[in-house]
Structure formats: C-alpha cells, structure tokens
Amino acid sequence: MSLLDLSWRNMKRSFRLYSIYFISMLIGVIIYFTFSSLMFNKDILAAIENKENFQLGVSIASVVVFLFIIFFILYANSFFMKQRKKEFGMYLLYGMSERHIVWMVFLETVILSAISIVSGILVGGLLSKFFGMLLMDLMQYDDVISFAFPLEAIRSTILLFAVIILIICVQSYLTVRRVQLVELFRAKAVKDRPHRFSAWLAISSVLLLGIAFYLISRDGSSVVWQDYIMVSMIAVTVGIIGGTYLFFRQFWGWILGKLSGRNNYYTGNRMLWISSLRFSIRGNTLMLTFISLFSALIIFLVGFVSINYTVQILSAGKEFPNHIAFTSQDAMKQKQIEQLIETDHPITHHTRIDGLAAEPITDSAIAFGNSDADKTGILLFSESQFNDIVSVRGDKQQVNLKDQEAVVLLPVGAHPISFTEGNQPAFTVKLKEEATFRLTEKKNYTFLSKATDSKGDVGVYPSILIISDQAFAELKPGATLSPFDIYQIENARNSTALSHQVHDLVTETPGTYYAAFVDLYSIDIETSSLLLFSAAFLAVIALFALGSIIYFKQLREATEELRHYSILRKLGMDDDEMKRVIRKQLLFVFLPPIVLGLLHSWFLLIYPTMEEVKDYPQIKSIITAVLILYVTIYALFYLSSASVYYKIANPKNAMN
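The rules we used
- Residues numbered from 1 in each chain as written.
- Predicted model: local features only at pLDDT ≥ 70, side-chain atom pairs only at ≥ 80, totals over all residues.
- Heavy atoms only, no water.
- Helix = DSSP H or I, 4+ residues; strand = E, 2+ residues; numbered from the N terminus.
- Buried < 20%, exposed > 50% of the residue type's maximum accessible area, 1.4 Å probe, protein only.
- Contact = heavy atoms within 4.5 Å.
- Areas by Shrake-Rupley, 256 points an atom, 1.4 Å probe, with all protein chains shown as cover.
- Patch = residues over 30% accessible without salt bridge, like charges linked within 9 Å, V, L, I, M, F, W, Y side chains within 5 Å.
- Salt bridge = Lys/Arg side-chain N within 4 Å of Asp/Glu carboxyl O.
- Lys, Arg positive; Asp, Glu negative; His and termini not counted.
- Charge placed at Lys NZ, Arg CZ, Asp CG, Glu CD.
- 1 Å grid on protein atoms, 1.4 Å probe; cavity = no way out; pocket = protein on both sides within 12 Å on 5 of 7 lines; lining within 4 Å.
- Points joined across faces, edges and corners; volume = space filled by probe spheres on them.
- Nonpolar A, V, L, I, M, F, W, Y, C, P; charged D, E, K, R; others polar.
- Expected span 1.5 Å × (residues − 1).
- Polar contact = N/O pair within 3.5 Å; in protein donor to acceptor, adjacent residues only side chain to side chain.
- Phe/Tyr/Trp six-rings, centres within 6.5 Å; stacked < 30°, edge-to-face > 60°.

Novice: Teacher, can you tell me more about the overall build of the protein chain here?
Specialist: Along the protein chain, the regular secondary structure elements total 21 helices and 12 strands. Looking at the 656 residues of the protein chain, the share that counts as buried comes to 50%. When contacts within the protein chain are restricted to residue pairs at least 6 apart in sequence, long-range pairs at least 24 apart make up 83% of them. A total accessible area of about 31300 Å² is found for the protein chain, and carbon and sulfur atoms account for 61% of it.

Novice: I would appreciate a short explanation of a positive patch on the surface in the present structure.
Specialist: Taken together, the side chains of Lys 579, Arg 580, Arg 583 and Lys 584 define a basic patch exposed on the protein surface. Secondary-structure assignment places Lys 579 in helix H20 (residues 575-609). For Lys 579, a relative accessible area of 30% gives the class partly exposed.

Novice: It is not clear to me how the layout of surface pockets should be interpreted in this structure. Could you clarify?
Specialist: Gaps left between atoms show up when a probe the size of a water molecule is rolled over them. Roughly 1000 Å³ of volume is contained in the largest pocket. Taken together, 40 residues make up the lining of the largest pocket; nearest its centre are Val 540, Leu 543, Phe 544, Ile 633 and Phe 637. Listed by contribution, the elements that provide at least two residues to the lining of the largest pocket are helix H2 (15-40), helix H6 (98-138), helix H12 (270-319), helix H18 (517-560) and helix H21 (618-649). Take the lining of the largest pocket: its biggest share by element is 12 residues, from H21. Residue classes in the lining of the largest pocket are distributed as 31 nonpolar, seven polar and two charged.

Novice: Quick question: what am I supposed to make of H6 here?
Specialist: Residues lying three or four places apart along an α-helix face the same way, a consequence of the helix completing one turn every 3.6 residues. Counted at 1.5 Å a residue, the expected span for H6 with its 41 residues is 60 Å, but the 53 Å between its end C-alpha atoms falls short. A positive phi of about 60° marks Gln 140, the residue just after H6.

Novice: Looking at this structure, how should I read unusual backbone geometry?
Specialist: With the exception of glycine, most residues fall at negative phi, and the peptide bonds are largely trans. Although it is not a glycine, Asp 403 sits at a positive phi angle of roughly 50°. Tracing the sequence through the fold places Asp 403 in the loop between helix H15 (383-393) and strand S4 (405-410). A positive phi is found at Asn 491, a non-glycine position, where the angle reads about 50°. Examined against the element boundaries, Asn 491 turns out to sit in the loop between strand S11 (481-489) and helix H17 (496-506). Residue classification places Asn 491 among the partly exposed residues on the basis of a relative accessible area of 45%.

Novice: Explain the pattern of salt bridges to me, please; I cannot follow it from the model alone.
Specialist: Where side chains of opposite charge bring their charged atoms close, a pairing between them can arise. Tallied over the full model, the rule gives four salt bridges. The partner of Lys 333 in a salt bridge is Glu 508, with the nearest N and O atoms 2.9 Å apart. Pair noted here: Lys 333 is in helix H13 (residues 331-344) and Glu 508 is in the loop between H17 and strand S12 (514-516), with a separation of 175 residues, a long-range link. The class for Lys 333 is buried, based on a relative accessible area of 13%. Residue Lys 443 is joined to Glu 441 by a salt bridge in which the shortest nitrogen-to-oxygen separation is 3.2 Å. Of the residues examined, Lys 443 reaches a relative accessible area of 6% and is grouped as buried. Judged by its relative accessible area of 23%, Glu 441 falls in the partly exposed class.

Novice: I would appreciate a short explanation of the environment of Glu 152 in the present structure.
Specialist: Within the secondary structure layout, Glu 152 lies in helix H7 (residues 151-178). The class for Glu 152 is partly exposed, based on a relative accessible area of 36%.

Novice: Help me out: how do you make sense of the side chain of Thr 34 in this one?
Specialist: By the element assignment, Thr 34 lies in helix H2. Once you skip the residues sitting within four places of it in the chain, Thr 34 turns out to touch Val 29, Gly 124, Leu 127, Ser 128, Phe 131 and Phe 537.

Novice: Hey, could you run me through the side chain of Ser 217 in this one?
Specialist: Structurally, Ser 217 can be placed in helix H9 (residues 199-217). The class for Ser 217 is buried, based on a relative accessible area of 18%. Looking at Ser 217, its side chain comes within polar contact range of the main-chain oxygen of Tyr 214, at 2.7 Å. Not counting residues within four places of it along the chain, the set of residues in contact with Ser 217 comprises Phe 603 and Tyr 607.

Novice: Help me understand the packing of aromatic side chains, please; the structure alone is not making it clear to me.
Specialist: Aromatic ring pairs are defined here through the distance separating the ring centres and the angle between the ring planes. Enumeration according to the criterion identifies 15 aromatic pairs in this entry. Ring geometry for Phe 33 versus Phe 149: centroids 6.3 Å apart, planes at 25°, classification stacked. Linking Phe 33 in helix H2 with Phe 149 in the loop between H6 and H7, this pair joins segments that are 116 residues apart in sequence. With relative accessibility at 0%, the residue Phe 33 sits in the buried group. Using a relative accessible area of 36% as the deciding quantity, one classes Phe 149 as partly exposed.

What follows is the structure in structure tokens.
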C-alpha cells in the first residue's frame, strides 16, 4: 500500500477527526480570500476616492489576518497531531520511518488544503460580494459590487497555504521526532493534581479587580488621575491582569471547593462536573486568563472604532454644516456656478451673507482662547443673518443681542461659556474705526467651517463674532464687506465630483475661501469605515482563534476522559445525564472568561471613551450591539463544543 493510499484511507476511516481539521483550514481560506479579494475588487476601487489609503489599510490588515490564520490552523494541527499519537506509534512499531510519517502527513495536508482552497475560494468569492456591499453601505455609497475572483487574491491565497503546508510539515516532524516510541502510545495526558486554594488570594483577586474598576470609573479630572497618573495606570494594569489571573487560579477554584463541601455535593451529577473542573484549574488558568484579557481587547477595539465611525458621521454635519460655501463671485461666474450645482444636485436652499472684515485690537485669546481659529482677522455677522442660517439648519442656537453685545463662535468640540452680566469681557476690534463689544457667550457652533479642497481641510476656522443688528448697521458704512454664498443641496454625501468642479472655478482667484461638506466627509467616512470593517473582520478571526483554543482543548480532554465516561456508562449513566454533565462542565469553562472580558471592556469603553463622546446618545447602543454580537458568536462555540465533546466522550460514538 502506497503512502497516498494510506493517507486517503486514514481520512475516510477517521472522518470526524479529519473533518474538524478540514473545517479549520476551510474557514482560514474563506476568511483570507474574502478579505484579500476586497483589496483587488475593481468595483470597490472605482467607488473609493482615496484608493492609496484604502489599499495601504487593507494591506496592513491582511498581514494581521495572515498571522491569525496561521495561528488558527497551526493550533488545529497541534490538536490533530496529539490525537494521532497512538496511530503514529503503531506506524513506528511496524517499521515506518519518521520521514515516511511526515511525508504521509504532508500528503494528507496537501489533499485537505487543495479541497479547502477550491471550496474556500468559491465560498469566499460569494462572501466578498456581501462584505463589499457592507463596506459600501458603511461608506454610504450606492455603487453595486459584482461577484469577483481576482487573480491576485487567488495567487496570494495559494501562496499563504503553501507556506502553511511547509510550516505544518516542520511542526509534524518536530512532534514525531521529539517524542519517544513508548510516549506515542500515551494518547492520554497525565491528569493534573488537585490544586490547593487560598481564601486570601481568592479575596485578593476580587480586590485587585475592584481597585482597577474603581480607578477606571474616576473622571479624568479627579485627583487620582491628575496628581497620580503613573501610579493609577500601573494600578489599573496590575489590577486587571493580576486580578484576572488570580481569579482563575484561586477564586474560581475556591468557589468550586466551597461547592464540593456542601451537603448536596453528592446529589445528582454535581460531583462529576465539579471534581473535573477542580482537577483542570491549574492547566486552564493561563488559557482562561489570556482569553479573558484578549476578549476585552477585541471588544474594546471594535467598540472604539464603532464609536469613531459614528462620531465621524455625526460630527461631519456639525463641523461642516454648509454643503457648499465660498466667497461670492462676480455675477457671470456666480450664475455659471449656480447652474452647475442645480444641474448636478438640486439646490434646496441658497443664501448670501455679508461679513464685516475687522482686525483684533484686544488679544484674540480673550475671545477665541487656544482654539483652532484665525487669529489675524475677524469677521462680524449680524444676529439676523446668523438666526436665519440656524433656522434653515433646524438648530436651536438663535441669539438675541442688543447694543454692543456679541457672541463668539468657537469650533465644534471647544468648551462653551456663558458670561453673567457684570462679568462680560470687553473685546475691541478695528474696522474703519475701533469698536468695543461685551462678550455675552462663547458658543460651540460652526457658522463658516474651515476651507477645504479635494484633499481635506486646508485652513483654520474663521474667527467670527455675532453682533446685534443695530451695531452691524452702524459699522457697515465704510467697512470692508466679505460676502459669502451658502448652498444646501440634495444628496450632498455623493457630491464629490461637483465639489471639485466648483472648487476649481472659485479658486481661480488665489486666496478665495471655499468649503464643502463632502470634501471632509468622503475622507473621514472612508477612513473610519475601513477601520470599522477591518476591526470587525479581525475581531471575528480573533474570536475564532480564541474559541478554537477552548474548543480544541475541550475536545482533547474529551478524548482523555473517554475511559472514565465508559466506566460511568457501565455504572448506569444514560445519554441525557451525560449531556447535562458535559454542558455544565463546559459552561464553567466558557462562561467565566467571557463574563470577565465583557466586564473589562465595558469599563474601558463606558468611562474613558464615553466621557469624550457623551453628546452622542447612539454610542451606548453601538457598544451594546457589539457586546451582544460577541456573546452570540461565543455561545455558538459553546454549543458546538458541547455537542462534539459528547460525541467523543460517548463510547458508542468514539473516534477511532
């Protein structure tokens, strides 16, 4: 019998074991090809404005995907090899050399890889359309994405798995070479000895976690963060990592010890699953600690980029509320621009506002602080012009001024201030002559945004004072007027081409002001969408990797427990009771790390992050959705693991 025949016979005989390994490889191919094909999809590249940034971002993310997939498949192969130790021992006993065993593993891997690559590319091609449409939806583009199987993506996928095959061969050779013949027959690992647990260390784990959560929940302006930032950061780090480790090493075992000491310990099947968990704590501590901390990191990453995506969308309209705004042109050019806009995107509102150009006499910092605003010149607008624009936008930011009162407009994100009567700062500007105003309020509101072009924002915020109509009328004669035309249009998010055309016409005169909502929106939305998409994709891969760690470890333990469950079956345990024992045992392995991971990520997302975006009520909904999605996927791993564990541990269904 040739090695090829033997390899094929092995796969048919141990179909269940090989199917687990095959599914791992298939998932790896699907994930990598789906992600890689997006980078080379012509429809996506045609729709995106910033192609270079997109390809760079996807390239970086694909490297991370590559590393995760290698880890995922090699971990599956490690489980696969350990399950076959007895089989390899038989081959060595019958005279087969180590080289022949490695060659046999190579043939099996090539066969499985070939099937998984072909199947994975077909499935990945179908999924790439779905994910491409999802990416376009995130970017709020209406472009249609077709089915595509880019040759570049196919080549990179084949190359990836060629590398993986070589690594698997080396891993298999080292596994066979490192173990003695007598050890190859010991398919069962030595059972951990029961670990002794300390009540003090168990309580210490809770205290460490409590201290970390308390510090995280403190406001950034509190004493602990203002005066003791380094100590607080060290305490949080030690509290989370050390507390999590001690939680699984001591607290969890202490709880199980207390359960084993109760009167009902021998009632039902409690003794079976509790004793099994107590014996496995030492071997599972590092795994559960890693999964808990890494889960927190994944959830925090996805939650953070989801928040960033939402904030970018919501803040774009606040920072750039005018769809198109520019310095008023001569009558002929103004007509040409208006016809161009109306033809491409119907105009919903147009207004012209007149500003008075002035120079600051008083230190600009008194009015505008350290904000990103023009400090060399100031524009004065009347309250009626301001209120009209505010009404068109549907905002409730109207002002009511009299005499020499004035309102300062600060950029979005700056801290607004209202001054009480008697504490209103005086601010003097020079037009044709000097004029002094009393500042009643610093309002966080954009009237005219930064100047923009196709590459993004290229200027600073105009320094703007809103003054009473009476003061404006008195200062207007003899002052230098700065007129601006503001347009609101339909479907402004897809007006990139129009913005470029209008920009080219307006800026024929150097130094002319021009700003468009879409110039910043397209850049911000594409960047934040790619970050969210990549983070979500990586989170799914990482979740599979984390789930596989528990999954394969529990399957290996199921194989090792086969003899024990066989004895229990002979003592009268039926199928239903075996399933209940397995489910309870696995629940206490799967549940604690995800609960602790969710707790870590919730504190990290809600307190430091939410403090910065508390004005956006949608954020909590996004974080909750991320947590629910993560728990749902994790629950599927638990149910699948429980099902396969039962099939392995049940002597009637045991693998060969």
